[in-house]
Amino acid sequence: MKFGKAFSDNVMIERERRGLFSTADPSWWYGAGRPLLFASCILVAFFILTWRLFTLTIINGHAYRLLSDSNRTKQLIVHAPRGALLDRTGKTLAANIPYFRLLKPCDEDRKTLCTSRISKEEGEAFKVKGLPAGWFSQTDYQRTYTISEALSHVLGYMGQVSEKELQDEYYTLRGYRIGDMIGRMGAEEVFEEKLRGKDGKELVEVDAKGSILRMLGQTSEVAGTSITLSLDKGLS
């Protein structure tokens, strides 16, 4: 390419191809390059954080909320007293004696509670000195009969609901749980629906150790209905 007399006839012009971070022309990097790269990183980080927040609060928010509530709250059962069985003159044939159920963690994760029966005296003692963290107590009732064994088949008896029975829809729909007692034979079985009553509930807030902090709500129990039979206790 000719540029006149002052230049050689064979001057070669090389066109340099400069990349984004080429050292041939550092003015871009020292000018708008660094702020643009910094802004791009901030924008990407902001997008990642926003997406993570959206996932936690919108997509999985309900599941995490349920998990949190289940960890800080506990539902305790308030057992309803069973209705009494009376003779035709109003004398008691079957009544209830209160006792305590002790609920304590079965393992270290404290998610499963095991139930054991303790006496009224032991339960009252726990109320005075307090229960260890993660332990709870419930008042329940034991059935007692005041007639001779000769008529025991008429009144029947109480037995614990089995795991096999709890798989039956009849028991699950009526709210039976492991450890509950149910009428077996006689009047106890025939009038089970009326005698049983309806258990109440207490919703309490617990700390990380499982100790009760406060009561959040309560549903009162409904005692079972007493049944009058045609028997006469004085003639038995």
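Heads up: the structure comes first, above all this text.
This structure is a prediction, so every number in the text was calculated from the model and none was measured.

Time to look at the overall build of the protein chain. Within the protein chain, the secondary structure is distributed over eight helices and 10 strands. Within the protein chain, the fraction of its 236 residues that count as buried is 25%. Of the contacts formed within the protein chain by residues at least 6 apart in sequence, a portion of 63% connects residues at least 24 apart. Accessible surface, the protein chain: about 16900 Å² in total, of which carbon and sulfur atoms supply 57%.

What follows concerns the environment of Ala-133. Among the structural elements, Ala-133 can be located in the loop between helix 3 (120-129) and strand 5 (136-145). For Ala-133, a relative accessible area of 26% translates into the label partly exposed. In this structure the C-alpha to C-alpha distance between Ala-133 and Ile-212, which are 79 residues apart in sequence, comes to 8.3 Å.

The next point concerns the nonpolar core. Membership of the largest hydrophobic core is limited to nine residues, which are Leu-85, Leu-93, Ala-94, Ile-147, Leu-155, Ala-187, Leu-195, Ile-227 and Leu-229. Once residues lying within four places of it in the same chain are set aside, the contact partners of Leu-93 are Leu-85, Leu-86, Asp-87, Thr-144, Tyr-145, Thr-146, Ile-147, Leu-155, Leu-229, Leu-231 and Lys-233.

For the rest of this paragraph, the subject is a nonpolar patch on the surface. On the surface, Val-44, Phe-47, Ile-48, Trp-51, Phe-54 and Ile-58 cluster together to form a nonpolar patch covering roughly 660 Å² of accessible area. Its relative accessible area of 52% is what places Ile-48 among the exposed residues.

This paragraph deals with the sheet that holds strand 8 (residues 200-206). The antiparallel open sheet is built from three strands, whose spatial order is 1-8-9. Looking along the sheet, the strands with just one partner apiece sit at the ends: strand 1 (73-78) and strand 9 (212-219). The sheet shows a mean angle of 25 degrees between the axes of neighbouring strands, taken without regard to direction. Here strand 1 runs beside strand 8; their pairing, made up of six bridges, is antiparallel. The residue bridging Gln-75 from the neighbouring strand is Leu-203, located in strand 8.

A few words on the side chain of Arg-82. With respect to the helices and strands, the residue Arg-82 is situated in the loop between strand 1 and strand 2 (85-86). Of the residues examined, Arg-82 reaches a relative accessible area of 9% and is grouped as buried. Only 2.7 Å separates the side chain of Arg-82 from the side chain of Glu-192, close enough to count as a polar contact. Every residue in contact with Arg-82, bar those within four places of it in the chain, is listed here: Asn-96, Arg-143, Met-158, Gly-183, Glu-188, Glu-192, Leu-195 and Arg-196.

Here the focus is the pattern of salt bridges. Tallying each qualifying case throughout the model produces eight salt bridges. When the shortest N-O distance is used, the salt bridge between Glu-188 and Arg-143 registers 2.8 Å. Placement of the pair is Glu-188 in helix 7 (residues 186-190) and Arg-143 in strand 5, with a sequence separation of 45 residues. We note that Glu-188, like Arg-143, is buried.

Definitions and limits used
- Residues numbered from 1 in each chain as written.
- Predicted model: local features only at pLDDT ≥ 70, side-chain atom pairs only at ≥ 80, totals over all residues.
- Heavy atoms only, no water.
- Helix = DSSP H or I, 4+ residues; strand = E, 2+ residues; numbered from the N terminus.
- Buried < 20%, exposed > 50% of the residue type's maximum accessible area, 1.4 Å probe, protein only.
- Contact = heavy atoms within 4.5 Å.
- Areas by Shrake-Rupley, 256 points an atom, 1.4 Å probe, with all protein chains shown as cover.
- Core = buried A, V, L, I, M, F, W, Y, C linked by side-chain atoms within 4.5 Å.
- Patch = residues over 30% accessible without salt bridge, like charges linked within 9 Å, V, L, I, M, F, W, Y side chains within 5 Å.
- Salt bridge = Lys/Arg side-chain N within 4 Å of Asp/Glu carboxyl O.
- Pairing = 2+ DSSP bridges.
- Axes fitted to C-alpha atoms, helices over the stretch in contact; angles between N-to-C directions.
- Polar contact = N/O pair within 3.5 Å; in protein donor to acceptor, adjacent residues only side chain to side chain.

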